[in-house]
Amino acid sequence: MNARHSGVTDWGLAHISVEKHFTIVDVGCGGGRTVSKLAVLATEGKVFGVDYSADSVAVASKTNREWIKSGRVEIREGSVSQLPFATGTFDLVVAVETHFWWPDLPGDFRETLRVLKTGGELGLIAEVYKGASTTTARLVEQYSAKTGMKLLSPEEHRELLANAGYSNVEIATEPGKGWIFARGRKGQVRGA
C-alpha cells in the first residue's frame, strides 16, 4: 500500500502548507510512508502515526525506525473514533486513503477536529470518490455497499466537514485520475 498510494499522497500533500515546526498526525498510517514524508517536511516538528491495526503499527514503526530513534516520529495504536491525544495537540491531521473506512464519519470528523489546535487543518486524500468518471471509481462505487466503504462525493465531503465544525472547507479533484483532496480548518472557538 505504501508504494501504491505514493502518487496520490504526493498530489494531496502538495495542497497543504507544512511548516517546519508543525506537530502532525497521520490517521490510519498503515505502513508509515506518509509519516516519513511528513517528517521530511516538518524539519523541527514531530509527526505521529496512528492506526487501529497492531500489524500496521509494527510495519510503520519499522519504516520509521530512524525517525523514531531521533525523537521526531512516534507511532501509536488507536482508533480515529477515540484518538489517543489531548485536545488541541496538532497543527495538521492527515488521512490518506482511510476516511472512507472510518466507522462513524460524522463523529470521527468531530474527533479529528478535537485534536487540532485552533487554526489547524485536516487534509483528506483519496484516489477515489463518488461520482468520479474513472473505471476504478465506478467499480468501487458499485461494490461499496458490499464492502462497507463509505464513498463520498465532493459535496458530501464538504457537508460532512462543515457539519463537524470545520471552516474554510475546500475540495480539489483530479478528474482524470479520480483523486480527491478535502481540507477543513479549525476556527476560533466562540467566546474566545
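Below is a summary of the structure that appears in this document. (Residues numbered from 1 in each chain as written. Predicted model: local features only at pLDDT ≥ 70, side-chain atom pairs only at ≥ 80, totals over all residues. Heavy atoms only, no water.)

So, the packing of aromatic side chains
Within a pair of aromatic rings, the relevant descriptors are the distance that separates the centres and the angle that separates the planes. All chains considered together, the criterion is met by 6 aromatic pairs. A ring pair is formed by W11 and W179, whose centres lie 5.6 Å apart and whose planes are at 55°; its orientation type is tilted. Of the two residues, W11 sits in helix α1 (residues 6–13) while W179 sits in strand β7 (residues 179–186), which places them 168 residues apart along the sequence. In terms of burial, W11 and W179 fall into one category: buried. Ring centres of F48 and F90 lie 5.6 Å apart, and the angle between their planes is 80°; on these two criteria the pair is classed as edge-to-face. Of the two residues, F48 sits in strand β2 (residues 46–51) while F90 sits in strand β4 (residues 90–96), which places them 42 residues apart along the sequence. As far as burial versus exposure is concerned, F48 and F90 are alike and both buried. The structure contains a cluster of three or more aromatic residues connected by ring pairs, namely F48, F85 and F90. (Phe/Tyr/Trp six-rings, centres within 6.5 Å; stacked < 30°, edge-to-face > 60°. Helix = DSSP H or I, 4+ residues; strand = E, 2+ residues; numbered from the N terminus. Buried < 20%, exposed > 50% of the residue type's maximum accessible area, 1.4 Å probe, protein only.)

What to know about the sheet that holds β7
Strand order in the open sheet formed by 7 strands is β3-β2-β1-β4-β5-β7-β6, with mixed pairing between adjacent strands. Each edge of the open sheet carries a strand with a single partner, namely β3 (73–77) and β6 (166–174). Averaged over all pairs of adjacent strands, the angle between their axes in this sheet comes to 15°, without regard to strand direction. As judged from the 7 bridges shared by β6 and β7, these two strands associate in the antiparallel manner. Within the sheet, the bridge partner assigned to E174 lies in β7 and is W179. (Pairing = 2+ DSSP bridges. Axes fitted to C-alpha atoms, helices over the stretch in contact; angles between N-to-C directions.)

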